[in-house]
Amino acid sequence: MSNGNDETVFYRGRHYFVLLILLFLLASLIARALYLQIVEKDFLFSQGEQRQIRTIETPAYRGTIFDRFGTPLAISTPVDSVWVNPPEILQNLPALKQVTAKLGLNYRDTVALLKQKANKEFVYLRRQLEPELAGQVAAIADGVYLQREYHRYYPAGEVVSHLVGFTNVDDQGQEGLELMYEGWLKAQPGKRRVIRNRRGAVIENLAQVKRARSGNDLTSSIDMRLQYIAYRSLARAMKYHAAKSASAVVLDAKTGEILAMVNQPSYNPNQNKNKSPAQRRNRAITDVFEPGSTIKPFTLAAAIDRGLYDQTSHIDTTPGWFMVSGYPVKDVRNYGVLDLAGILRKSSNVGASRIAQTLQREEMWQSFSDYGFGQTPGISFPAESSGYFSHYSTWQPLDHATMAFGYGLSVSITQLARAYSVIANHGRQLDLSLIKVYPEDVPDNEISRTVMKASTAKMVLQMLEQVVGPQGTATRAAVDGYRIAGKTGTVKKSVDGGYQEDDYMAIFAGMAPASNPRLVMAVVIDEPSQNGYYGGQVAAPVFQEVMSNALRILDIAPDDLSELARSNGVEPGA
Amino acid sequence: MPRVYLLALLLTLVLSSAITVIYVKHESRVLFAELRNTQKLQDHEVIEWGRLQLQNSTLATHSNVESRARKTLKMRIPEKVQLVQLP
C-alpha cells in the first residue's frame with residue numbers, strides 16, 4: 001500500500017456529483033418540512049383534531065314528580081338504543097347473528113332490512129333497552145353502538161294520569177303537571193369537548209361548552225293513598241251506574257291542597273296508544289256543568305251573611321211552586337213551611353228561590369263571585385276552567401230565581417269543592433294548590449281571605465249536617481263515627497239550550513269531620529244510566545267510601561262516638 | 001469555562017422540565033381515566049336507583065297491597081262493634 005498512494009486518483013467530478021445529490025435530498029427534506037409546517041399547517045392541525053377531538057353530550061335528567069310523601073309519580077330512567085352502521089355490520093355476519101339473538105330479533109329479517117338500507121349509516125336495531133342488556137349487546141362486536149336516551153315511567157299509571165300528564169318522545173311535557181311545570185322539570189343536557197384515543201375512549205376533557213342542568217324535582221300535593229281509593233271508588237261507581245264520565249276532588253280544607261283528583265275514563269300514560277282527547281282531559285278542572293242543588297247552601301249563606309235570615313227563620317214554600325216571568329219554579333212536592341235547614345234537607349227549589357229574591361242581584365252576584373263561581377280556582381292547570389257565571393247586569397228575573405238552585409251558571413267540580421271549603425274553613429277562602437304547601441312558609445293572609453262571616457259558615461255547616469242526617473237526601477254519605485256535612489245535587493243536563501228529560505248528572509259535595517272539617521270532597525257522575533240517578537244514590541256512596549277510608553288513613557279522630565259508645569254498653573261522655 | 005457549566009445547567013433544567021411535563025400529562029390522564037370510571041359507576045348507580053324505585057312502586061301499588069292484605073293475610077276493616085274507645 002506504500003506506493004499505492006501514488007496510484008490514488010481523486011475523482012473530483014464524482015465527489016461533487018455525490019455531494020450535489022446529498023444536498024438536493026437535504027434541500028427537498030427541508031422544503032417538505034417547511035411546506036408541512038407553514039403552508040399546510042392549519043389543514044393538518046384541523047384534520048388531527050377532527051380525528052381526536054369530539055364534542056359529546058353530557059346527560060341530564062328530567063326532574064322526578066313525587067306525591068306528598070315521596071312516592072314517585074313520574075321518573076326518568078336512562079335507557080339505551082342500539083344502532084348499527086349497515087355496511088360495517090354486514091361484513092361481520094356471525095356477530096350480527098349473536099346480536100339479533102340477544103335482542104330477540106329475527107336474523108334473516110334483520111339482514112334483509114340492513115341490506116335494504118345499505119346506503120344509510122345509521123339504523124336502529126332496537127330502541128329504549130334496559131342499559132344492562134344494551135351493554136351486553138354492544139360488547140359483542142365493534143360495529144354495534146348505543147345511544148343514551150331517557151324514558152319517562154309513570155309507576156302509578158292510570159290512577160293519577162290526568163294530573164301528572166305525560167311527555168312526548170323528545171321529553172317535553174304535553175299535559176298536566178308535566179306541561180304546567182315544564183320549565184322547572186326540564187333537563188338541559190350539557191356539551192363538552194374531549195380528546196379520544198384510537199379506540200374511541202375519552203382520555204381528556206378540553207372544555208365545557210355548555211353546562212348540563214338536570215331538572216328539578218317536584219313534590220305535588222297528592223296523597224297517593226287517597227288518590228288510589230278515590231280512583232277505585234269512582235271507577236266502581238262509574239261501572240255500576242253505567243255512567244258516561246265521572247270526576248272527584250278531595251281537598252285539604254286547611255291548606256287548599258288538592259289531595260286527590262280523579263276522573264273516569266282514564267288512560268295509562270305508559271302506553272302511547274289509545275289516548276283520545278276524551279280520555280286525556282282532566283275533567284275535574286276543565287269540564288263544567290250546572291251545579292243544581294249543590295249551590296243552595298251558598299244562596300242561603302249570601303242571605304245569612306247580610307243578616308236577612310238566621311237558623312230560626314221560616315219560609316213558606318206552599319203550594320210547592322210559583323211563577324217567574326211565566327215559568328214555574330217547582331219542588332218535587334209541597335213541603336209547606338220549612339226552616340233554612342229544612343230547605344237544604346228537602347232541597348227545596350222554591351225555598352231557595354224565595355230567599356234569593358230577598359237579595360239584590362248585585363249582592364247575590366258579589367257573594368257568588370266571592371265564593372269562587374266564575375273565578376278560576378287558582379291552580380293554573382292547563383285548560384283550567386273558570387266556569388260560566390254572567391254579570392248581574394245581564395240577568396233576567398228568571399235567571400235570578402233559577403241561579404238560587406244552580407241553573408243558569410256552570411262550575412267545574414274543583415270550583416265546587418273550593419266553594420265548599422269556604423264553609424269548611426270558617427268562611428276563609430284558599431287558593432288551591434297541586435304543589436305541596438308548607439304552611440309555615442306562607443303567611444296566613446297570603447293564602448286565604450275572608451269571603452263569608454265565620455258565624456255564617458258555622459250556621460250553614462250545621463244545616464248541611466242535617467242533609468246527611470236521617471231526614472236528609474244524603475243518608476248514604478254518612479260515615480260511622482264521624483259527623484258529615486254535605487249536599488246532594490241531581491241536575492238535568494242541558495243540551496243545545498234545552499233540558500234533557502232522561503239525562504242527569506249526580507253530584508255530591510261534602511266535608512268531614514263536621515266539628516272541625518279537615519277534608520272537603522266533591523263528586524260528579526255524568527249520565528248514570530243504571531241503578532238510580534239521584535246525587536244521594538249515585539254520588540254520595542262514592543263520597544262515603546272515600547271519606548271513611550281517608551279519615552282512617554289520615555288518622556283524624558272520630559267526632560261522633562255516641563253510637564259506638566252505645567254499642568259498647570257505655571253512656572256517651574262516660 | 002463557566003459558560004460551559006451554565007449551558008449544562010440550563011440543559012439539565014430544560015430536560016427535567018420536559019420530563020415533568022410528560023409525567024404530569026400522564027398523571028392527568030390516569031386521574032381522568034379514574035374520573036371517567038367513577039362517573040360510569042355513578043351512572044350505573046343512578047340506573048340502579050331508578051330501577052329500584054320503579055320496582056318498589058310497582059310492588060307497593062295500592063291495589064297490590066290491598067289484594068294481598070285482603071286475600072293472603074285475610075285482613076279487613078273492623079266492624080263498629082269491635083271498636084273500643086280508650087279513655
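What you are looking at is a predicted structure, and each value in this text was computed from that prediction instead of being measured.

## A closer look at the overall build of chain B
- Regarding its fold elements, chain B presents two helices and zero strands.
- Working note: accessible area of chain B is about 7,700 Å², and carbon and sulfur atoms make up 68% of it.

## Brief notes about the sheet that holds strand 1 (residues 53-58) of chain A
Residue and element names in this part refer to chain A.
- With respect to topology, three strands assemble into an open sheet ordered 1-6-7, the strand pairing being antiparallel. Both edges of this open sheet fall to strand 1 and strand 7 (202-210), since each of them pairs with a single strand only. In this sheet, neighbouring strand axes are inclined to one another by 30 degrees on average, regardless of whether the strands run parallel or antiparallel.
- Pairing analysis gives six bridges linking strand 1 to strand 6 (residues 190-196), with the strands arranged antiparallel. Within strand 6, the position partnered with Arg-54 by the bridge is Val-194.
- Helix 3 (residues 41-52) contacts strand 1 and strand 6 of the sheet and is inclined by roughly 35 degrees relative to strand 1.

## Some words on helix 1 (residues 2-59) of chain B
- Here helix 1 of chain B is 58 residues long and its end C-alpha atoms lie 84 Å apart, about the 86 Å a rise of 1.5 Å per residue gives.
- For helix 1 of chain B, every residue scored as buried is listed here: Phe-32, Ile-47, Gly-50, Gln-53, Leu-54 and Ser-57 of chain B.
- Where helix 1 of chain B is buried, its residues meet strand 2 (65-66), strand 3 (72-84), helix 7 (131-138), strand 5 (144-153) and strand 7 of chain A.

## Describing the nonpolar core
- In terms of nonpolar packing, the biggest core is built from 130 residues, with Phe-298 and Phe-373 of chain A touching the most fellow members.
- At nine residues, the largest contribution of residues to this core is made by helix 11 (residues 224-240) of chain A.

## Topic: the pairing of strand 6 of chain A
- Bridge count for strand 6 of chain A against strand 7 of chain A is six bridges, and the pairing is antiparallel. By the bridge assignment for strand 7 of chain A, Lys-191 of chain A is matched with Lys-210 of chain A.

## Structural notes on the interface of chain B and chain A
- If you look at the interface, chain B gives 22 residues, while chain A gives 29 residues.
- Here chain B is connected to chain A by two salt bridges.
- With its nearest N and O atoms 2.2 Å apart, the salt bridge here joins Glu-66 of chain B to Arg-232 of chain A.
- Run the count over chain B and chain A and you get three residue pairs in polar contact (both at pLDDT 80 or more).
- Ranked by residues supplied to the side of chain B that touches chain A, first place goes to helix 1 of chain B with twelve residues.
- The class makeup of the residues in the side of chain B that touches chain A is eight nonpolar, six polar and eight charged.

## Here we look at the packing of aromatic side chains
Residues and elements named next belong to chain A.
- The full count for this structure, using the stated rule, is 15 aromatic pairs over all chains.
- Among the aromatic side chains, those forming a connected cluster through ring pairs are Phe-298, Phe-368, Tyr-371, Phe-373, Phe-389, Trp-395 and Tyr-420.
- Between Arg-14 and the ring centre of Tyr-11, over which it is positioned, the NZ or CZ distance is 4.3 Å.
- A cation sits over an aromatic face here: Arg-68 above Phe-69, 5.9 Å from the ring centre.

## A few points about the side chain of Asn-263 of chain A
Residues and elements named next belong to chain A.
- Inspection of the secondary structure puts Asn-263 in strand 10 (residues 258-264).
- Here Arg-283 takes part through its backbone nitrogen, which lies 3.4 Å from a polar atom of the side chain of Asn-263.
- Engagement of the side chain of Asn-263 in a polar contact is seen with the backbone nitrogen of Ala-284, the distance being 2.9 Å.
- Excluding residues within four positions of it along the chain, Asn-263 makes contact with His-162, Leu-234, Ala-246, Ser-247, Arg-281, Asn-282, Arg-283 and Ala-284.

## Considerations on the packing of helix 14 (residues 296-305) of chain A against helix 16 (residues 349-357) of chain A
All names here are of chain A.
- At a minimum axis distance of 9 Å, the contact between helix 14 and helix 16 shows a crossing angle of 30 degrees. The orientation of helix 14 relative to helix 16 falls into the category roughly parallel. Between helix 14 and helix 16 lies a crossing whose hand is left-handed. In this structure, helix 14 uses Lys-296, Thr-299, Leu-300 and Ala-303 to contact helix 16, whose residues at the interface are Asn-349, Ala-352, Ile-355 and Ala-356.

## Focus on the pairing of strand 19 (residues 519-526) of chain A
- Judged by how many residues are buried, strand 19 of chain A sits mostly within the fold: eight of eight residues are covered.
- With burial as the criterion, each face of strand 19 of chain A is covered, one bearing Leu-519, Met-521, Val-523 and Ile-525 of chain A and the other bearing Val-520, Ala-522, Val-524 and Asp-526 of chain A.

## Section: the pattern of salt bridges
- For the structure shown, the criterion picks out 23 salt bridges over all chains.
- Residue Glu-149 of chain A pairs with Arg-127 of chain A through a salt bridge whose shortest N-O separation is 2.4 Å. One end of the pair, Glu-149 of chain A, is in strand 5; the other, Arg-127 of chain A, is in strand 4 (residues 123-129), with 22 residues separating them in the sequence.
- Here Glu-149 of chain A falls in the buried class, since its relative accessible area comes to 12%.
- In this structure, the salt-bridge partner of Arg-483 of chain A is Glu-465 of chain A, at a minimum N-O distance of 2.9 Å. Taken together, the residues Arg-483 of chain A in the loop between helix 21 (454-468) and strand 17 (485-495) and Glu-465 of chain A in helix 21 connect sequence positions 18 residues apart.
- The class for Arg-483 of chain A is partly exposed, based on a relative accessible area of 31%.
- Salt bridges sharing partners connect three or more residues here, namely Arg-232, Arg-236 and Glu-545 of chain A together with Glu-66 and Arg-70 of chain B.

How each quantity is defined
Residues numbered from 1 in each chain as written. Chains lettered and ligands numbered in written order. Predicted model: local features only at pLDDT ≥ 70, side-chain atom pairs only at ≥ 80, totals over all residues. Heavy atoms only, no water. Helix = DSSP H or I, 4+ residues; strand = E, 2+ residues; numbered from the N terminus. Areas by Shrake-Rupley, 256 points an atom, 1.4 Å probe, with all protein chains shown as cover. Pairing = 2+ DSSP bridges. Axes fitted to C-alpha atoms, helices over the stretch in contact; angles between N-to-C directions. Contact = heavy atoms within 4.5 Å. Expected span 1.5 Å × (residues − 1). Buried < 20%, exposed > 50% of the residue type's maximum accessible area, 1.4 Å probe, protein only. Core = buried A, V, L, I, M, F, W, Y, C linked by side-chain atoms within 4.5 Å. Salt bridge = Lys/Arg side-chain N within 4 Å of Asp/Glu carboxyl O. Polar contact = N/O pair within 3.5 Å; in protein donor to acceptor, adjacent residues only side chain to side chain. Nonpolar A, V, L, I, M, F, W, Y, C, P; charged D, E, K, R; others polar. Phe/Tyr/Trp six-rings, centres within 6.5 Å; stacked < 30°, edge-to-face > 60°. Lys NZ or Arg CZ within 6 Å of the ring centre and 35° of its normal. Parallel < 35°, antiparallel > 145°, perpendicular 65-115°, else oblique. Left-handed = near helix turned anticlockwise from the far one by under 90°.

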